Amino acid sequence: MPSIMETLILQGILPFDQLERVSRNQADDEVALSALLDQKMVTPVQLARARATQAGIGFVELLEYPVDRTAVALVPATLCRRHSVLPIGLVDGVLQLAMVTPGDVFAIDDVRAATHLRVEKVQAEQGDLLAAIDRYLRADDELNDLTSTLEEESAPQDAGLGLADNGDDDAPIVRFVNLLVSQAIQDSASDIHIEPGEHELRVRYRIDGVLHEMQSAPKSIQNGVISRLKIMSEIDIAERRKPQDGRMSVMHGGRKIDLRVATLPTVWGEKVVMRILDNSNTSLDLRDLQLLDRNFEAYKASYTKPYGMILVTGPTGSGKSTTLYSTLNTVARPEINVITVEDPVEYRMAGINQVQVNPKAGLTFASALRSILRSDPDVVLLGEIRDHETAQIAIEASLTGHLVLSTLHTNDAPSAVVRLTEMDIEPFLVGSALDCVVAQRLARRLCDRCKAPAEHSADDLQRMKFPQVEVSRRMPGIFRPVGCNQCSNTGYRGRLAIHEVMSISEEIERMAVARASSADIGRVAREQGMLTLREDGYTKATMGLTSLEEILRVVV
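About the thresholds
- Residues numbered from 1 in each chain as written.
- Predicted model: local features only at pLDDT ≥ 70, side-chain atom pairs only at ≥ 80, totals over all residues.
- Heavy atoms only, no water.
- Helix = DSSP H or I, 4+ residues; strand = E, 2+ residues; numbered from the N terminus.
- Buried < 20%, exposed > 50% of the residue type's maximum accessible area, 1.4 Å probe, protein only.
- Contact = heavy atoms within 4.5 Å.
- Areas by Shrake-Rupley, 256 points an atom, 1.4 Å probe, with all protein chains shown as cover.
- Pairing = 2+ DSSP bridges.
- Axes fitted to C-alpha atoms, helices over the stretch in contact; angles between N-to-C directions.
- UniProt positions renumbered as here; feature names shortened; annotations may be inferred.
- Lys, Arg positive; Asp, Glu negative; His and termini not counted.
- Salt bridge = Lys/Arg side-chain N within 4 Å of Asp/Glu carboxyl O.
- Polar contact = N/O pair within 3.5 Å; in protein donor to acceptor, adjacent residues only side chain to side chain.
- Core = buried A, V, L, I, M, F, W, Y, C linked by side-chain atoms within 4.5 Å.
- Phe/Tyr/Trp six-rings, centres within 6.5 Å; stacked < 30°, edge-to-face > 60°.
- Lys NZ or Arg CZ within 6 Å of the ring centre and 35° of its normal.
- Expected span 1.5 Å × (residues − 1).
- pLDDT = per-residue confidence, 0-100.
- Arc of directions from axis to C-beta.

Considering the overall build of the chain
Counting its secondary structure elements, the chain contains 22 helices and 18 strands. When each of the 556 residues of the chain is scored for burial, the buried share is 49%. Residue pairs at least 24 apart in sequence account for 63% of intrachain contacts in the chain once pairs closer than 6 positions are excluded. With the model as given, the accessible surface of the chain reaches about 26,800 Å², and the carbon-plus-sulfur share is 49%.

Examining the sheet that holds strand S3 (residues 118-123)
Strand order in this open sheet of 3 strands is S1-S2-S3, and the pairing throughout is mixed. Each end of this open sheet is capped by a strand with a single partner; those strands are strand S1 (85-91) and S3. In this sheet, adjacent strand axes meet at a mean angle of 30° when their direction is disregarded. The sheet contact formed by strand S2 (residues 94-99) and S3 spans 6 bridges and is parallel. Pairing of methionine 99 across the sheet is with glutamine 123, part of S3.

A word on the UniProt feature "domain: Bacterial type II secretion system protein E" (unreviewed entry) in the chain
Residues annotated in UniProt with the feature "domain: Bacterial type II secretion system protein E" (unreviewed entry) correspond here to residues 373-387. The span residues 373-387 shows a helical share of 0% and a strand share of 27%, and its end C-alpha atoms are spaced 18 Å apart.

Here's the deal with the pairing of strand S10 (residues 308-313)
Burial within S10 is extensive, with 6 of its 6 residues counted as buried. Across the two faces of S10 the burial is the same, with Gly308, Ile310 and Val312 and Met309, Leu311 and Thr313 all buried. As judged from the 6 bridges shared by S10 and strand S14 (residues 403-408), these two strands associate in the parallel manner. If you follow valine 312 over to S14, its bridge partner there is threonine 407. Pairing of S10 with strand S15 (residues 434-446) involves 5 bridges; the strand directions are parallel. Opposite threonine 313, over in S15, you have alanine 439 as the bridge partner.

Some thoughts on the environment of leucine 47
Position of leucine 47 among the secondary structure elements: in helix H3 (residues 44-55). The exposure class assigned to leucine 47 is buried, which follows from its relative accessible area of 8%. Along the primary structure leucine 47 and glutamate 125 are separated by 78 residues, whereas in three dimensions their C-alpha atoms are 8.2 Å apart.

Some points on the side chain of arginine 441
In this fold, arginine 441 is placed in strand S15. No salt bridge is formed by the buried arginine 441; its nearest oppositely charged neighbour, aspartate 412, is found at 7.4 Å. Here asparagine 411 takes part through its backbone oxygen, which lies 2.7 Å from a polar atom of the side chain of arginine 441. Setting aside its immediate chain neighbours within four residues, arginine 441 contacts Gly314, Pro315, Ser318, Asn411, Leu496, Ala497, Ile498, Leu533 and Val554.

Observations regarding the nonpolar core
Among the nonpolar cores identified, the biggest contains 58 residues, and Leu311, Ile385 and Met502 are the most heavily contacted of them. Once residues lying within four places of it in the same chain are set aside, the contact partners of methionine 502 are Ala413, Pro414, Val417, Asp435, Cys436, Val437, Ile508, Ile521, Ala525 and Met530. Phe176, Leu229, Ile235 and Val272 belong to the second-largest nonpolar core, a separate cluster that totals 28 residues.

So, the packing of aromatic side chains
Applying the stated rule across the entire model yields 1 aromatic pair. Centre to centre, the rings of tyrosine 299 and tyrosine 303 are 5.3 Å apart; their planes meet at 65°, and the pair counts as edge-to-face. Of the two residues, tyrosine 299 and tyrosine 303 are both situated in helix H12 (residues 293-303); the distance of 4 residues between them amounts to about one turn of the helix. Of the two residues, tyrosine 299 and tyrosine 303, neither departs from the other in class, the shared state being buried. Across the ring face of phenylalanine 479, the terminal group of lysine 451 is positioned such that the distance to the ring centre comes to 4.8 Å.

Topic: unusual backbone geometry
Of note, aspartate 92 is a non-glycine position whose phi angle comes to about 50°, a positive value. Structurally, aspartate 92 can be placed in the loop between S1 and S2. Positive phi, normally seen in glycine, also occurs at glutamate 234, with a value near 60°. Looking at where glutamate 234 falls in the secondary structure, it is placed in the loop between helix H11 (222-233) and strand S7 (244-252).

A closer look at H3
Quick reminder: α-helices carry 3.6 residues per turn. Residues three or four places apart thus point the same way. Taking 1.5 Å per residue as the helical rise, H3 with its 12 residues ought to reach 16 Å, and the 17 Å between its terminal C-alpha atoms agrees with that figure. Regarding H3, the residues found buried are Leu47, Ala48, Ala50 and Ala52. Glycine 56, located one to two residues past H3, shows a positive phi value of around 70°.

Quick look at the environment of leucine 373
Locating leucine 373 in the fold gives a position in the loop between helix H14 (365-372) and strand S13 (379-382). Placed 34 residues apart in sequence, leucine 373 and isoleucine 339 show a C-alpha to C-alpha distance of 9.2 Å. Setting aside residues no more than four positions away along its own chain, leucine 373 makes contact with Val380, Ile393, Ala397 and His402.

A look at the confidence of the model for the chain
Residues of the chain with pLDDT of at least 70 account for 83%, and the chain-wide mean is 83. Mean pLDDT across the secondary structure elements of the chain bottoms out at helix H9 (residues 156-166), with 40, and peaks at S10, with 96. Taken together, the stretch residues 155-167 has pLDDT below 50 and engages in 13 contacts with residues farther than four places along the chain or on a different chain. Confidence drops under a pLDDT of 50 for residues 469-474, and excluding neighbours within four residues, the segment shows 13 contacts in the predicted structure.

Digging into the sheet that holds S13
Taken in spatial order, the 7 strands line up as S12-S11-S13-S14-S10-S15-S18 in an open sheet, and their pairing is mixed. Looking at the sheet topology across the chains shown, the edges are occupied by strand S12 (353-356) and strand S18 (492-503). Across this sheet, the average inter-strand angle for adjacent strands is 20°, counted without regard to direction. One ladder, built from 4 bridges, connects strand S11 (residues 338-342) with S12; its direction is parallel. Residue pairing across strands places glutamate 342 opposite glutamine 356, the latter belonging to S12. Contacts between helix H21 (residues 533-542) and the sheet are confined to S15 and S18, with S18 contributing the most and set at about 135° to the helix.

Section: helix H7 (residues 126-136)
Residues of H7 that are buried include every one of Asp128, Leu129, Ala132, Ile133, Arg135 and Tyr136, and no others. With its buried residues spanning 165° around the axis, H7 presents them on a single face. Those residues of H7 that are buried are in contact with helix H4 (69-72), helix H5 (77-83), S1 and S2.

Spelled out as structure tokens, the structure:
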């Protein structure tokens, strides 16, 4: 039987000059294969396919394979996760089992014992198999079972007290909460909404900016679930009349993930919203934010200056923090003193001094900013400009040799100039201090697996105010969402930012001093080359990154 290395050579994946390096020692072959993977001479899929050929069994790519959910239900999820296996079909009493290691006899024996069926093993690539396990063995079934169990108990006060007293991880309410959180993280949700209703407890996840209803639970477990979340977040469990904020951490997939928790009293009980602060997949490279070349050069010209104010504007959840942290990651160097003031500190960064505001102790944005200006900073990040006092100090800091980064809630970049003057900041100070404003939104990214060319009539494109309307119905580069298993049939997978970058030129500075309207400032900025949010979005749609309909959804 040929070795794995020999199989790769025979398949034409490795050159024949590798033949002399082939060893009959299996351990040596595995070391060589690991090196080949690191050097990207062999892909994981090619290696898995070669293993299947060597073992004389079939190979499947589960992303496109029509997995039989009836077969999946035959094997317990815990068993599948323990052995990294997934049943994919049942033919004439034979269970087809996708495996990473087909030689694992213990896994095959356990599956036979659980199903009382004969097993036919097939090879799958590890990453592909683990993604399929997450896709097909969701926690929904276990959540439903737990919901039924808790409903039968119908003793919410006992459940709440039980978890408060001992926090037993096997308690049904504890498991219910843990599953809700882990499922949200697995689904790449940004927020979890737990909403009391008249007859039930509704759970919704915000995925790619859109809320999806995921789970309903009986009203009887409401107090227990909310009490458990309060305990985990160190929130006063007895206070139910006013909003409270807290923070908690969970372990998921071997990494620590923070959640920001907020409670809000409603007529049917306390609503809980948890913001998932998972920065493990967050890019901290400005180039990865996909700024167009013109926007990137304009923004770079501002953040590379030693002083001045840069504002990032947009609604909540538009990616402002990611843009600011990416900028900090670019400018932070050992010879630069960077201090941030945030509420809360969302992502921890090495080499940066981060301050958490604490209004109860008198540490507000304004007082903290005054203090850090005495700590010899070079770059200051201010979480948000909320009032006149904070804005005044930030403006003065930028005029005294500091680079100040902050956020503001405005709809577009020109409105930021007017908003600062409405905060009673002297217009001449705004014009002098402000150097650049970036407005941004997050649009859903088209799924690369299933997107299809879109057809739009000239009338449709004119209605959308598309800048370059062609007579042909099909615009090259423009795609529409379709939906597949990989994107949960939404047609979208992930998000991307669309930007409006306005540099403060001398003319715009004079307009700010003259208290010009945001419409006039925007007109001049466009004449000077600024791309509006819609224009930037349409450009990214023609690049095949998102759809025209999605741009119209997020941009007014």
